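Results of the structural survey
Chain residues, written in single-letter form:
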Amino acid sequence: MRLWLNHLRRTPLVLFLILYTILAGGPFLWVMSMSLRTTPEIFDNPYALPVRLHWEKFANAWTNSNYGTYFWNSLIVVVTAVALLTLIGAMAAHCLARYRFRGSRLVRFVILSGMILPPQLLILSLFQILLDYGLYNSLAGLIIVYVATQLAMTVYILEGFFAQLPQDLFDAARMDGYGDFEIFWRITLPIGVPAIFTTITLNFIILWNEYLYAVVLLTDDEKRTLPLGIMHFMGGHQLDVGMIATGLIIAIAPVILLYALFSETMIKGMTAGAVR
Amino acid sequence: MAESAAPPRARRVAWLAGDSIADSRQAPMRTILLFLAPALLVYAAFTIYPVLRTFYNSVHTIGPRNVQTFVGLDNFAALLTQDRVFWKAVVNTALFTVVGTIGDVLGGLLLALCLFAKVPLARTLRVVWFTPVLMSYVVVGIIWVWLYDYDWGLVNLLLGWLGLESWQQSWLGDPATALWALVVTHLWKWLGFNMIIFLAALHALPEEVLGAAELDNCGWFAKLVYIIIPMLRPTLVNLLVLSFIGKMMMFDLVWIMTGGGPLWSTETVSTYVYKRAFNWNTFDLGYPSAIAVLWFIMILLFVMLITRLLRSRDRLEF
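Residues numbered from 1 in each chain as written. Chains lettered and ligands numbered in written order. Predicted model: local features only at pLDDT ≥ 70, side-chain atom pairs only at ≥ 80, totals over all residues.

**Description of the overall build of chain B**
- Of regular secondary structure, chain B possesses 14 helices and 2 strands.
- In terms of C-alpha radius of gyration, chain B reaches 27 Å, well past the compact-globule figure of 20 Å for 318 residues.
- Expressed along its principal axes, the backbone C-alpha trace of chain B runs to roughly 90 × 75 × 40 Å.
- In chain B, once contacts between residues fewer than 6 apart in sequence are set aside, the share between residues at least 24 apart is 69%. (Helix = DSSP H or I, 4+ residues; strand = E, 2+ residues; numbered from the N terminus. Rg over C-alpha atoms; globule rule 2.2 N^0.38 Å. Contact = placed C-beta atoms within 7 Å.)

**Comments concerning the nonpolar core**
- Judged by nonpolar contacts, the single largest core of 159 residues is most densely connected at Ala92, Leu142, Leu151 and Leu248 of chain A.
- For this core, the element with the most residues is helix 7 (residues 139–163) of chain A, which contributes 17 residues.
- Residue assignment places this core across two domains, with domain 1 (2–35) and domain 2 (66–275) of chain A each supplying three or more.
- Those residues in contact with Leu151 of chain A, other than ones at most four positions away along the chain, are Leu85, Ile88, Gly89, Ile111 and Gly114 of chain A together with Ala39, Val42 and Tyr43 of chain B. (Core = buried A, V, L, I, M, F, W, Y, C linked by C-beta atoms within 7 Å. Buried ≥ 20, exposed ≤ 12 C-beta atoms within 10 Å, placed from the backbone. Domains from an automatic or database assignment.)

**Some points on the domain arrangement of chain A**
All names here are of chain A.
- We note that the domain assignment places domain 1 (2–35) and domain 2 (66–275) within chain A.
- Domain 1 and domain 2 are separated by 35 Å when their C-alpha centres are compared.
- Here the side of domain 1 that touches domain 2 is built from residues that sort into 3 nonpolar, 1 polar and no charged. (Nonpolar A, V, L, I, M, F, W, Y, C, P; charged D, E, K, R; others polar.)

**Points about the packing of helix 4 (residues 67–98) of chain A against helix 7 of chain A**
All names here are of chain A.
- In contact at an axis separation of 6 Å, helix 4 and helix 7 are set at 40° when each is read in the N-to-C sense. Both helix 4 and helix 7 take part in a crossing whose hand is right-handed.
- Residue composition of the contact of helix 4 with helix 7, by class: 21 nonpolar, 6 polar and 2 charged. (Axes fitted to C-alpha atoms, helices over the stretch in contact; angles between N-to-C directions. Left-handed = near helix turned anticlockwise from the far one by under 90°.)

**A closer look at unusual backbone geometry**
- At Asn66 of chain A, a position not held by glycine, the phi torsion is positive, near 70°.
- The topology assignment puts Asn66 of chain A in the loop between helix 3 (56–63) and helix 4.
- According to the C-beta neighbour criterion, Asn66 of chain A is partly exposed, with 17 such atoms within 10 Å.
- Positive phi, close to 55°, is recorded for Leu263 of chain B, a residue that is not glycine.
- Its place among the elements puts Leu263 of chain B in the loop between helix 12 (252–257) and helix 13 (269–279).
- Here Leu263 of chain B falls in the exposed class, since 11 other C-beta atoms lie within 10 Å of it.

**As for the packing of helix 10 (residues 193–209) of chain A against helix 13 (residues 241–270) of chain A**
Residues and elements named next belong to chain A.
- Between helix 10 and helix 13, the least distance of the axes is 9 Å, while the angle of their chain directions is 120°. By the angle between their directions, the pair helix 10 and helix 13 is classed as oblique. At the point where helix 10 passes helix 13, the crossing takes the left-handed sense. Between helix 10 and helix 13, the contacting residues are Phe197, Thr198, Thr201, Leu202, Ile205 and Trp208 on the first element and Val255, Thr265, Met266, Lys268, Gly269 and Met270 on the second.
- Looking at the contact of helix 10 with helix 13 residue by residue, the classes come out as 7 nonpolar, 4 polar and 1 charged. (Parallel < 35°, antiparallel > 145°, perpendicular 65-115°, else oblique.)

**A look at helix 9 (residues 207–215) of chain B**
- Burial analysis of helix 9 of chain B places just 0 of its 9 residues in the buried class, which makes it a mostly uncovered element.
- With its phi angle positive at about 60°, Asn217 of chain B sits one or two positions after the end of helix 9 of chain B.

Spelled out as structure tokens, the structure:
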């Protein structure tokens, strides 16, 4: 009797859980089903399941609607930026966490203050500066801007982790005759893998989804990244809901795939900056 | 491996004698500069310099072919006294920020408490609830534009099924509802983030305290208000500040879903900066820079105010 009452008391909670789960996950399932249906089918009934799976829509989007180009652009920009960020950020974080030197507090303050700069404060003059340097409307320009904007958070997370590594380890390495760069390469980096993984996931997701810098700094269709490509396609084909849905799935597929494999790492990565 | 010429034993002795080379906290300035150089160079050229240049631009008018005229504080004066769209944008951003931040933090806490109550499948639910956080604003924005669609959007369809036809409307097309429709979408995207942070903080709470409360026959609401929330205070403050900053800079979602319309009802400060710089064909980067500078100072002041207020109350308690 008591157990039953307990169950009854929990019914609203369970109901809420089910409703919120549908609300959070439902839209993606809906877009996934639309990505395999043609637009006339969708306008017939937007919320029906696919009758026949139109896989050819993906091939169509990839070649005819230029999503292939957008995808590769995104991949090139994000992978290069994340690789550079990881290396540059780890070097700076290692240096700040490991060595005592004059001006270290100033350097730390200057780099970390980058975390609170609103993009609006940078974007207008970055537009001018990239024009001056001849980097406007180029993937290289976007990459370097991405590195600059994500550097503060990367250094913040890595330095916090590196600073906790026991000093004995480095004393011992020094005694065994390791040079400063060997210490970085053979001790800090391998031991820092968990933190490095965190920053890689965080930067990958943020940059893969980035829109504002890309929309200001790129103009050619051949250079558009995925978020820009989708908006561009949307602008020209407002009513082709089926094709837009296919594009959305192409854009989120890598993220969903990684999430399915490493959900814990990704959750940890995305929330890393906020926990400490 | 140049220094490995000396036998290890000799080096160890040198270290025991306090030789500076062996202190692993010390390194020659050259090495330190090499480690920091790439970061500092990128940072100086693509963060510090642009920020300074924006401040410089904000007191200039920048005409065609980059002709710059010094105008002092004219941009700021015009902004504060004459620009009605700017003030509309400030009001919108403020509404969005206050309602959105409170919703984010309370909603996140509610979701975290649900999962904390030892429900079945909590781990799976956590993963599903977090999914929107990983999606870009472009994806989220487009999905919600469809959901809000007047003719075939799910929101109006559901209202129809529930017999509330009179409530159906063009959610993003009506100036009265557009901003709130955006707030709902923004909440939907970020609730999972706040939930995860709260959940981690809840799991870190000392069990004894929660157990003691149960022994004292403390009701769940009293337990929440008098024990859990005070103990979560640092997390709460952190999330408030994070959420606040994010919403004060809100651009993508608004730009994608409404473009600031209809009738400036969803114009935020950020979308207005963008429009003045790139869409109005005035080609003047000075005026939008002034908006950006002013807004940055506002954000800084508010963040300092929030942390000061909430931290000083902390101090009183002890």
